[in-house]
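# Analysis of the macromolecular model
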Amino acid sequence: MKLCKTCFSSVWPFVLMTVIAGITGFVTWLTLGLSQPEPETRIAVGLIVFVAVEATLIHYVVSCMRRHCRHHAPKMSRGHHLSPEA
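Residues numbered from 1 in each chain as written. Predicted model: local features only at pLDDT ≥ 70, side-chain atom pairs only at ≥ 80, totals over all residues. Heavy atoms only, no water.

### Points about the packing of aromatic side chains
For the structure on display, the rule yields one aromatic pair. With 5.8 Å between their ring centres and 25° between their planes, F26 and W29 make a pair best called stacked. You can see F26 and its partner W29 sitting in helix α1 (residues 12-35), three residues apart, about one turn around the helix. With a relative accessible area of 47%, F26 lands in the partly exposed category. Judged by its relative accessible area of 30%, W29 is partly exposed. The lysine or arginine in question, R42, covers the ring of W29, its NZ or CZ lying 4.2 Å from the ring centre. (Phe/Tyr/Trp six-rings, centres within 6.5 Å; stacked < 30°, edge-to-face > 60°. Helix = DSSP H or I, 4+ residues; strand = E, 2+ residues; numbered from the N terminus. Buried < 20%, exposed > 50% of the residue type's maximum accessible area, 1.4 Å probe, protein only. Lys NZ or Arg CZ within 6 Å of the ring centre and 35° of its normal.)

### A short note on the environment of E54
Among the structural elements, E54 can be located in helix α2 (residues 39-68). Judged by its relative accessible area of 14%, E54 is buried. Sequence separation between E54 and V19 is 35 residues, and the spatial gap between their C-alpha atoms is 9.2 Å. In contact with E54, other than residues within four places in its own chain, are M17, T18 and A21. (Contact = heavy atoms within 4.5 Å.)

The following block contains the structure:
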């Protein structure tokens, strides 16, 4: 099932993913500051963590959107799920 345009109309899941990844990268950068490595190393590791978390969350959100998209699903008739004899 492919994603429809209605599923991508809201940008809030993607904004929230970026905020979570940014906070995680920033906390990693702060934590590395306690061990005092080279500044380039702190920035590189912080960026690597940001990209890894962002990629993981994008994969998760897109797969959830695919799984739960019901915009093109056939309409089910209601009330016909029980037999008339029951």
